[in-house]
Amino acid sequence: MIRCMEKADVPRVAELERSCFTTPWSEQSLRESFEKAEYLFLVCEEQGVIAGYGGLLQVGDEADILDIAVAENCRGRGIGTAILGELLARGRARKAQAFTLEVRVSNHAAIHIYEKLGFVSEGLRKDFYEKPREDAVILWLRMDE
């Protein structure tokens, strides 16, 4: 079940961040962002456990997909794709006309999913990531195309 993140979910989402990313959002950053209207965070809950989550930041009619994270033992079942699809649907409902994100150039599986959903590469951000240092592919999905 994919649903909006609740305040009580923040500690588990922060734990998921730490397990999935080398430079994770802190629990405090998640909590502060969660409370702002321009952010949208969704979680995928299975049998009372958060299996994954995703978030976006919307400014005007553009939305930046912040993170998509799935617990290691839940990967390969389409959870990340489902969360992203729901973020896109809810972003459109909030009048977003374009979505963007960055992804590590080495994350071929994620890039494949993003492209399958209509995202197009529009460049690179040199040395965007740390731990390890790596370039990011910039992807966009525009509703008017």
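Before reading further, recall that the structure is shown in the block above.
Residues numbered from 1 in each chain as written. Predicted model: local features only at pLDDT ≥ 70, side-chain atom pairs only at ≥ 80, totals over all residues. Heavy atoms only, no water.

Inspection of the secondary structure assignment puts Asn73 in the loop between strand E4 (62–70) and helix H3 (79–93). The exposure class of Asn73 is exposed, given its relative accessible area of 67%. (Helix = DSSP H or I, 4+ residues; strand = E, 2+ residues; numbered from the N terminus. Buried < 20%, exposed > 50% of the residue type's maximum accessible area, 1.4 Å probe, protein only.)

The subject of this paragraph is the packing of aromatic side chains. In the structure shown here, the tally under the stated rule is 6 aromatic pairs. Here Trp25 and Tyr39 contribute two aromatic rings whose centre-to-centre distance is 6.4 Å and whose plane-to-plane angle is 85°, an arrangement assigned as edge-to-face. Of this pair, Trp25 sits in the loop between helix H1 (10–20) and helix H2 (27–34) while Tyr39 is found in strand E2 (residues 39–46), placing the two residues 14 residues apart along the sequence. Accessibility expressed as a relative area gives 19% for Tyr39, which makes it buried. It is Arg142 that lies over the ring of Trp140; its NZ or CZ is 4.2 Å from the centre. (Phe/Tyr/Trp six-rings, centres within 6.5 Å; stacked < 30°, edge-to-face > 60°. Lys NZ or Arg CZ within 6 Å of the ring centre and 35° of its normal.)

In this section: the pattern of salt bridges. Here the structure, examined in full by the defined rule, presents 11 salt bridges. Glu102 serves as the salt-bridge partner of Arg125, at 3.0 Å between the closest nitrogen and oxygen. Taken together, the residues span a long stretch of sequence, with Arg125 in strand E6 (residues 120–129) and Glu102 in strand E5 (residues 98–104) at a distance of 23 residues. Close ionic contact of Glu122 with Arg142 constitutes a salt bridge, the shortest N to O distance being 2.8 Å. On the criterion of sequence distance, the pair formed by Glu122 in strand E6 and Arg142 in strand E7 (residues 134–142) is long-range, its members being 20 residues apart. The exposure class assigned to Glu122 is partly exposed, which follows from its relative accessible area of 42%. Accessibility expressed as a relative area gives 25% for Arg142, which makes it partly exposed. (Salt bridge = Lys/Arg side-chain N within 4 Å of Asp/Glu carboxyl O.)

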